[in-house]
Amino acid sequence: RKGKTPEEVVKKYLQKVKSPPEEDCTICMEPLGGPSGYKGPGVTPVSRAESVGRLAQCGHQYHFQCLVAMYNNGNKDGSLQCPTCKTIYGVKTGNQPAGKMEYHVIPHSLPGHPDCKSIRIIYNIPPGLQGAEHPNPGKPFTARGFPRHCYLPDSEKGRKVLKLLLVAWDRRLIFSIGTSSTTGESDTVIWNEVHHKTEFGSNLTGHGFPDPGHLNNVLEELRAQGITEDDGLME
Ligand code: APR
Ligand code: ZN
């Protein structure tokens, strides 16, 4: 995977398009029938025959060079996400900094889940220096509110969510580095699009219980990161 060039990675997920449709490429907004409007560094010319590609699973079409530019702007992990429908090609990973994820069962019930115990997840991430995959490489990042404690019902569905969260952690998708929408602080560790419940017996922040839709929402958010129930089975 490491040895593949960005062009090779992108090509792997594309099918050839003989005659491009009379539409614009939604990455660069230029017609698919003409050249890519992307003029960044590292753009290597391609022959006309392969200037447009169709993503194999979802069918959305883009300039080949636009997809390569998009790939180069990401964390170059060998995966690609369709910018239109978010279909993921390969295994998506994130830029979560180093840290620890632990969990255990606690013998108390969560509001809305009176018939089972609870799972407490403890995330711990220390502050550090940003790597090449972060917004400001070389600059320090802060880490507020750690250890962060999160709760799930210890039900069949709660345990399924836990399994998938463990996969998400391994793929560095639980946290990211950026600007906190709560505090406005930049260059700090933030939650990354998979909601967690951080309150146990109350719901003062809105991130507590009861919340009947929570587990389904999380499964949906995990799916959007490319993590499905099949991933849980392989753990
Ligand atoms: N608990 C759980 N999720 C939260 C919380 C919270 N207290 N506050 C915000 N979120 C969710 C938001 O709904 C959003 O989807 O996290 C996502 C990112 O929000 P940010 O404010 O950018 O994230 P972050 O700075 O990491 O979190 C703010 O969450 O766990 C606490 O200690 C943490 O006080 C901090 C707060
Ligand atoms: Zn384009």
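That block above? That's the structure.
Residues numbered from 1 in each chain as written. Chains lettered and ligands numbered in written order. Predicted model: local features only at pLDDT ≥ 70, side-chain atom pairs only at ≥ 80, totals over all residues. Heavy atoms only, no water.

**Q** Tell me about the sheet that holds strand β6 (residues 100–106), and name the residues and values.
**A** Pairing is antiparallel across the open sheet formed by 3 strands, whose spatial order is β6-β7-β10. Both edges of this open sheet fall to β6 and β10 (148–153), since each of them pairs with a single strand only. On average, each strand axis in the sheet is tilted by 25 degrees relative to the strand beside it, whichever way the strands run. Bridging between strand β7 (residues 118–124) and β10 involves 6 bridges; their strand directions are antiparallel. Within β10, the position partnered with Tyr-123 by the bridge is Arg-148. (Pairing = 2+ DSSP bridges. Helix = DSSP H or I, 4+ residues; strand = E, 2+ residues; numbered from the N terminus. Axes fitted to C-alpha atoms, helices over the stretch in contact; angles between N-to-C directions.)

**Q** I'd love a proper account of the nonpolar core, names of residues and values included.
**A** By size, the foremost hydrophobic cluster in this structure holds 28 residues, and its most contacted members are Ile-121, Tyr-123, Leu-152, Leu-165, Phe-175 and Leu-222. Of all the elements in the fold, those that place two or more residues in this core are β7, β10, α3 (156–170), β11 (175–178) and α4 (214–224). The element best represented in this core is α3, accounting for 7 residues. (Core = buried A, V, L, I, M, F, W, Y, C linked by side-chain atoms within 4.5 Å. Buried < 20%, exposed > 50% of the residue type's maximum accessible area, 1.4 Å probe, protein only.)

**Q** Can you break down the coordination of the zinc ion (ligand 2) residue by residue, with the values?
**A** Taken together, the protein donors to the zinc ion (ligand 2) comprise Cys-25 (SG), Cys-28 (SG), His-63 (ND1) and Cys-66 (SG), at separations of 2.1 to 2.4 Å. Coordination at the zinc ion (ligand 2) comes from 4 donor atoms whose angles at the metal span 94 to 120 degrees, giving a geometry best classed as tetrahedral. The motif formed by the donor residues of the zinc ion (ligand 2), counted along the single chain, is C-x2-C-x34-H-x2-C. One end of the pair, Cys-28, is in the loop between β1 (14–16) and β2 (52–55); the other, His-63, is in strand β3 (residues 61–63), and 35 residues separate them in sequence. With relative accessibility at 1%, the residue His-63 sits in the buried group. (Donors = N, O, S within 2.8 Å, 3.2 Å for Na, K, Ca; no water. Tetrahedral: all angles 85-135°; square planar, octahedral: opposite > 155°, others 65-115°.)

**Q** Tell me about the site of ligand 1, residues and numbers included.
**A** Gly-145, Arg-148, Ser-180, Ser-181, Thr-182, Val-189, Ile-190, Trp-191, His-195, His-196, Thr-198 and His-207 make up every residue found near ligand 1. Contact distances for ligand 1 include 2.6 Å between an oxygen atom and a side-chain N or O atom of Ser-180. In the model, an oxygen atom of ligand 1 is placed 3.0 Å from a nitrogen or oxygen of the Trp-191 main chain. Protein coverage of the free-state accessible area of ligand 1, which is 620 Å², stands at 74%. Here the shell around ligand 1 gets 3 residues from one element, more than from any other, and that element is strand β12 (residues 188–191). Looking at the shell around ligand 1 residue by residue, the class counts come to 3 nonpolar, 8 polar and 1 charged. (Near = heavy atom within 4 Å. Polar contact = N/O pair within 3.5 Å; in protein donor to acceptor, adjacent residues only side chain to side chain. Areas by Shrake-Rupley, 256 points an atom, 1.4 Å probe, with all protein chains shown as cover. Nonpolar A, V, L, I, M, F, W, Y, C, P; charged D, E, K, R; others polar.)

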